[in-house]
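A look at the structure
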Amino acid sequence: MAEGKIYIAGHRGMVGAAIVRALEARGERAILTRTHAELDLTDQAAVRRFFQIERPSQVYLAAAKVGGILANNQFPAEFIYKNLMIEANVIHEAWASGVKRLLFLGSSCIYPKLADQPISEDALLTGQLEPTNEPYAIAKIAGIKMCESYNRQYGEDGIDYRSVMPTNLYGPGDNYHPEHSHVVPALIRRLHEAKVNGASAVAIWGTGTPRANFCM
Ligand SMILES: NC(=O)c1ccc[n+]([C@@H]2O[C@H](COP(=O)([O-])OP(=O)(O)OC[C@H]3O[C@@H](n4cnc5c(N)ncnc54)[C@H](OP(=O)(O)O)[C@@H]3O)[C@@H](O)[C@H]2O)c1
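Summarised in this report is the structure supplied together with it. Here the structure is a predicted model, which means the values were calculated and not measured.

About the thresholds
- Residues numbered from 1 in each chain as written.
- Predicted model: local features only at pLDDT ≥ 70, side-chain atom pairs only at ≥ 80, totals over all residues.
- Heavy atoms only, no water.
- Helix = DSSP H or I, 4+ residues; strand = E, 2+ residues; numbered from the N terminus.
- Contact = heavy atoms within 4.5 Å.
- Phe/Tyr/Trp six-rings, centres within 6.5 Å; stacked < 30°, edge-to-face > 60°.
- Buried < 20%, exposed > 50% of the residue type's maximum accessible area, 1.4 Å probe, protein only.
- Near = heavy atom within 4 Å.
- Polar contact = N/O pair within 3.5 Å; in protein donor to acceptor, adjacent residues only side chain to side chain.
- Areas by Shrake-Rupley, 256 points an atom, 1.4 Å probe, with all protein chains shown as cover.
- Nonpolar A, V, L, I, M, F, W, Y, C, P; charged D, E, K, R; others polar.
- Core = buried A, V, L, I, M, F, W, Y, C linked by side-chain atoms within 4.5 Å.
- Pairing = 2+ DSSP bridges.
- Right-handed = clockwise from strand over helix to strand, strands pointing away.
- Expected span 1.5 Å × (residues − 1).

Some details on the environment of Leu103
Note that Leu103 resides in strand β4 (residues 101–105). It is 5.7 Å that separates the C-alpha atoms of Leu103 and Ser163, two residues lying 60 residues apart in sequence. Setting aside residues up to four positions removed in sequence, Leu103 forms contacts with Val59, Tyr60, Leu61, Arg162 and Val164.

Here it is, written out as structure tokens:
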């Protein structure tokens, strides 16, 4: 059991909810959550107040403005602004209030579009990103670099801020919106509807040339 409270930012999202289930299954009781309506993580003053009052000892940062190709392409300003603000506010205020352990959720789209496969960690910042989600990826890279920088500058104080890069995720609580979902739930929905409707063909976005490994 962890000492002190564990704050899960984004606990109603797919990843955040899964983290809460895993922590509860391991017997953690002091789990701290706030809905988006209760605490807007882009609001620096509100985030500062929250950390100063609640003083969690650990943080899982699974809150983000998230979406698939179409949403990223339509709302690039929202993707870069909101994600930069959420990361800057949560990581900095966590540090300022004495949080020693923090886990930041990145994304595999931070790596160059044409990186060698399988992608290795040192491919980061070695080439052009996929243009459709570049603003989102740049924000995620900033979050990773914040964790690295805080470790470098304040590591002697015992802080340990880590980033993980999940690939395509899917599972309970996923978003199956026809246009705004990620590729795996989108494919599940299309194939399911095609089966239910007895369709003879299923339309998949893109040119058909990209290849992907989905670990199911
Ligand atoms: N899903 C994937 O395939 C995938 C792959 C790689 C990495 N990731 C990463 O994993 C993390 C979580 O993804 P997810 O799929 O779980 O996303 P999600 O289901 O959309 O959940 C994101 C959560 O963040 C909350 N949130 C967004 N903006 C907020 C704000 N300004 N203030 C407070 N809360 C806010 C959302 O609340 P509302 O819904 O109320 O706004 C939601 O509960 C993200 O960092 C994402 O980049 C996901």
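Some points on the packing of aromatic side chains
All chains considered together, the criterion is met by seven aromatic pairs. Seen from their ring centres, Tyr7 and Phe51 are 5.8 Å apart, and the 85° between their planes marks the pair as edge-to-face. Of this pair, Tyr7 sits in strand β1 (residues 6–9) while Phe51 is found in helix α2 (residues 44–54), placing the two residues 44 residues apart along the sequence. Here the two residues Tyr7 and Phe51 agree in accessibility, since each one is buried. An aromatic cluster of three or more residues is present, and its members are Tyr7, Phe50 and Phe51.

A short note on the site of the ligand
Among the 24 residues in the neighbourhood of the ligand, the closest are listed as Val15, His36, Leu41, Tyr136 and Lys140. Here an oxygen atom of the ligand sits 3.0 Å away from a polar atom, N or O, in the main chain of Met14. Against a free-state accessible area of 880 Å², the protein chains account for coverage of 82% of the ligand. If you list the elements that add at least two residues to the shell around the ligand, you get α1 (14–25) and α5 (134–154). Of the residues that constitute the shell around the ligand, the class distribution is 13 nonpolar, eight polar and three charged.

A look at the nonpolar core
Counting 38 residues, the largest nonpolar core has Tyr7, Leu41, Phe51, Val59, Leu61, Leu102 and Tyr161 as its most contacted members. Sorting the residues of this core by element identifies β1, α2, β3 (58–61), α4 (76–96), β4 and α5 as the ones contributing at least two each. Among the elements that line this core, the one with the most residues is α5, at eight residues. Not counting the four nearest positions on each side in its chain, Tyr161 is found in contact with Ile91, Ala94, Trp95, Val99, Lys100, Arg101, Leu102, Cys147, Tyr150 and Asn151. Counting residues in hydrophobic clusters, the runner-up holds nine residues, among them Val20, Tyr60, Ala62 and Leu105.

Concerning the pairing of β1
Alternating positions in β1 separate into two faces, Ile6 and Ile8 on one and Tyr7 and Ala9 on the other, with burial throughout. Alignment of β1 against strand β2 (residues 31–32), held across two bridges, turns out to be parallel. By the bridge assignment for β2, Ile6 is matched with Ile31. Running through α1, the crossover from β1 to the neighbouring parallel element β2 is right-handed. By the bridge criterion, four bridges tie β1 to β3 in an arrangement that is parallel. Across the sheet, Tyr7 pairs through a bridge with Val59, a residue of β3.

Re α1
Between its first and last C-alpha atoms α1 spans 17 Å; for twelve residues at 1.5 Å apiece the expected length is 16 Å, and the two agree. Close packing links the buried residues of α1 with β1, β2, β3 and β4. Where α1 ends, the next residue or the one after it, Gly27, has phi of about 95°, a positive value.

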